[in-house]
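The lines below spell out each chain.
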Amino acid sequence: MKHARESGPVRSKVACLSAALGLGLALCALSPVVAEVSESELDKGAIVLMYHRFGESDYPSTNVTLEQFEAQLEKLESGPYEVMALPEIVSALDSEMPLPSHAVAISIDDAYRSVYTEAWPRLEEAGFPVTLFVATDVLDRETAPYMTWDELREMAESDLVTIGHQTASHPSMPQESLERNEEEIRRANARFKKELGQVPELFAYPYGESSTAVQELVAASGFTAAFGQHSGAIGVTLNRFNLPRFALNERFSDPERLDTIVNALPLPVRDVTPENPLVSEQDNPPVAGFTVDEAAGALDQLSCYSSGPEVKLERLERRVELRFSGPLAEGRTRLNCTLPAGNGRWRWFGQQFLVPEG
């Protein structure tokens, strides 16, 4: 298995503050990698596609049909896109290494068996690298909907496959204690080490849900980057422990949407508020906002929309403030902001908020 973790984060700009309640880890303050964006760095970014199931029509919200998947692979093969391994993209963002103008990564969550039987043969034939994020308990149970450790080992032996970490039991981490979350990571680490010989260096939050405390724990645990399930293009200004991915399923796999996604560019933002994606009762609705780097140009065509209450956008020079029309409902709410970039491309920044149950 390539791209396994051997040391701590590489140039992640994580400043460790203190020991975490005697748990043996340091909690860390997360900060952007760059202070400002140069013209050469403006479009330094990538798109990460996220899948779950393949050809499993009983689960349309997490499934793509085989026809849809084959059409998407054909688009990536025939267009100007360069499909890269996800660890290579993360390393490029943290270094001087340039990225192609249409860099794309493919990721899959949850290790359903259709990954092995349907997706992997097609990806292997296309020669496309893929990152598979795995929660270890489902493999240990050896139940029919999921892959086995033998199948995962077979995939991990390929130079095209990176195995990622998604805890042991796939909990909603922001709604669990720090002790429970540390135990989830530790337990999964032990299983990866025993079954694959190495521990993954990339992390994906179950359900895409995180909080500042969860992000700090993941950073302190030695991962190099972590991914959510909110939309957006990865850019050099983003928090390496809350990186976006575009989710694809039966409903959201039409050719027009895919074309917009794979041609998206980063919107260079900083000073993002609220810093914590976990919304408390007293701070609901959250006051959202961000500052856009001058390199992105005029903001008069910037648009933002929410999966929950409507949002009102206010521009204060380079600062963008967003006001929800009402409180967010329990569960996940996504916020997306796009800005035309010319040549049919869009700059895209997204956030996901979580209102805890109860």
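Coordinates for the structure precede this section.
On a predicted model such as this, the values are computed, not experimentally measured, just so you know.

Participant: In this structure, what is going on with the overall build of the protein chain? I would like to understand it.
Facilitator: For the protein chain, the helix and strand inventory stands at eight helices and 23 strands. On C-alpha atoms alone, the protein chain measures out to a radius of gyration of 19 Å, which is about the 21 Å that the 2.2 N^0.38 rule sets for 358 residues. If you line up the protein chain on its principal axes, its C-alpha atoms span 55 × 55 × 40 Å. Taking all 358 residues of the protein chain together, the buried fraction comes to 56%.

Participant: Can you walk me through the nonpolar core in this structure?
Facilitator: One broad trend across soluble globular proteins is that nonpolar side chains are buried collectively. Leu49 and Leu123 are the most contacted members of the largest nonpolar core, which has 47 residues in total. Sorting elements by how many residues they give to this core places helix H3 (residues 113-126) first, with six residues. The residues contacting leucine 123, other than those within four sequence positions of it, are Phe69, Leu73, Ile106, Ile108, Phe128 and Val130. Ala103, Leu267, Leu328 and Leu335 belong to the second-largest nonpolar core, a separate cluster that totals 44 residues.

Participant: Looking at this structure, I do not really get the sheet that holds strand S17 (residues 269-273). What am I missing?
Facilitator: Either a parallel or an antiparallel arrangement is found when strands of a sheet pair, and the pairing is made through backbone hydrogen bonds. The strand order S17-S18-S21-S20 describes an open sheet built from four strands, whose pairing is antiparallel. Sheet topology places S17 and strand S20 (311-316) at the edges, where each strand pairs with a single neighbour. Between one strand axis and the next, the sheet turns by 15 degrees as a mean value, whatever way the strands run. Pairing geometry for strand S18 (residues 287-292) and strand S21 (residues 319-324), over five bridges, is antiparallel. For threonine 291, the partnering residue across the bridge sits in S21 and is arginine 319.

Participant: I'm lost on unusual backbone geometry in this one. Help?
Facilitator: The general pattern is negative phi for most residues beyond glycine and trans for most peptide bonds. Following threonine 273, the chain continues into proline 274 via a peptide bond in cis, with omega recorded as -10 degrees. By secondary structure assignment, the location of proline 274 is in the loop between S17 and S18. For the peptide bond that leads from asparagine 284 to proline 285, omega is 10 degrees, which places it in the cis range. Here proline 285 is to be found in the loop between S17 and S18. The phi angle at glutamate 317 is positive, at roughly 55 degrees, despite the residue not being glycine. Tracing the chain through its elements places glutamate 317 in the loop between S20 and S21. By relative accessible area, glutamate 317 is classed as exposed at 75%.

Participant: Before we go on, may I ask you to explain the sheet that holds strand S19 (residues 303-306) in this structure?
Facilitator: The strand order across the open sheet formed by four strands is S16-S23-S22-S19, and the pairing between neighbours is mixed. The open sheet terminates on both sides in strands that have one partner only, identified here as strand S16 (265-266) and S19. Bridge count between strand S22 (residues 331-342) and strand S23 (residues 345-355): eleven bridges; the pairing is antiparallel. Residue pairing for S23: leucine 339 is matched across the bridge by arginine 347.

Participant: Just checking my understanding: could you explain the pattern of salt bridges for this structure?
Facilitator: Where charged atoms of side chains with opposite charge meet at close range, the side chains can pair. Scanning the entire structure with this criterion turns up 22 salt bridges. Where arginine 270 meets aspartate 293, a salt bridge forms, and the shortest distance between an N and an O atom there is 3.1 Å. Here aspartate 293 lies in the loop between S18 and S19 and arginine 270 lies in strand S17, a separation of 23 residues in the sequence. Exposure class is identical for arginine 270 and aspartate 293. Each is buried. When salt bridges with common partners are traced through the structure, they connect Asp137, Glu176, Arg180, Glu184 and Arg187 into a single cluster.

Participant: I keep staring at the environment of proline 309 and nothing clicks. Help me out?
Facilitator: Position of proline 309 among the secondary structure elements: in the loop between S19 and S20. For proline 309 and arginine 186, which are 123 residues apart along the polypeptide, the C-alpha to C-alpha distance reads 38 Å.

Participant: Could you clarify how one ought to interpret helix H5 (residues 149-156) in this entry?
Facilitator: Counting along an α-helix, one turn takes 3.6 residues, and residues three or four places apart therefore face a common direction. Within H5, the full set of buried residues consists of Trp149, Glu151, Leu152, Met155 and Ala156. The arc that holds the buried residues of H5, viewed along the axis, is 160 degrees, so those residues lie on one side. Along its buried surface, H5 packs onto H3, strand S9 (130-134), helix H4 (136-141), strand S10 (161-165) and helix H6 (178-196).

Participant: Whenever I open this one, the state of the cysteines confuses me. Can you help?
Facilitator: Among covalent bonds in proteins, the disulfide is the one between the sulfur atoms of two cysteines. Overall, the coordinates contain one disulfide when judged by the stated rule. A disulfide bridge connects cysteine 304 with cysteine 337, and the sulfur atoms are separated by 2.1 Å. Between cysteine 304 and cysteine 337 the disulfide shows an S-S torsion of about 115 degrees. By sign, it is right-handed. Here cysteine 337 lies in strand S22 and cysteine 304 lies in strand S19, a separation of 33 residues in the sequence. On the basis of relative accessible area, cysteine 304 is assigned to the buried category, the value being 15%. Note on cysteine 337: relative accessible area 1%, which makes it buried.

Participant: Which parts of the structure should I look at to understand the environment of leucine 265?
Facilitator: Within the secondary structure layout, leucine 265 lies in strand S16. Taking the C-alpha atoms as reference points, leucine 265 and glutamate 250, 15 residues apart in sequence, are found 24 Å from one another. In contact with leucine 265, other than residues within four places in its own chain, are Asp43, Ala233, Ala341, Arg345, Trp346, Arg347 and Trp348.

Participant: What is the right way to read the pairing of S23 from this model?
Facilitator: For a regular strand, the rule is simple: side chains alternate between the two faces of the sheet. The element S23 is extensively covered by neighbouring structure, given that ten of its eleven residues are classed as buried. When S16 meets S23, the two strands line up parallel, connected through two bridges. Residue proline 266 lies in a different strand from S23, and its bridge partner there is tryptophan 348. Where S22 folds back on S23, the antiparallel hairpin that results is connected by two residues, among which asparagine 343 adopts a positive phi of roughly 55 degrees.

Conventions used here
Residues numbered from 1 in each chain as written. Predicted model: local features only at pLDDT ≥ 70, side-chain atom pairs only at ≥ 80, totals over all residues. Heavy atoms only, no water. Helix = DSSP H or I, 4+ residues; strand = E, 2+ residues; numbered from the N terminus. Rg over C-alpha atoms; globule rule 2.2 N^0.38 Å. Buried < 20%, exposed > 50% of the residue type's maximum accessible area, 1.4 Å probe, protein only. Core = buried A, V, L, I, M, F, W, Y, C linked by side-chain atoms within 4.5 Å. Contact = heavy atoms within 4.5 Å. Pairing = 2+ DSSP bridges. Axes fitted to C-alpha atoms, helices over the stretch in contact; angles between N-to-C directions. Salt bridge = Lys/Arg side-chain N within 4 Å of Asp/Glu carboxyl O. Arc of directions from axis to C-beta. Disulfide = S-S within 2.5 Å.

By themselves, these figures tell us nothing about what the structure is for.
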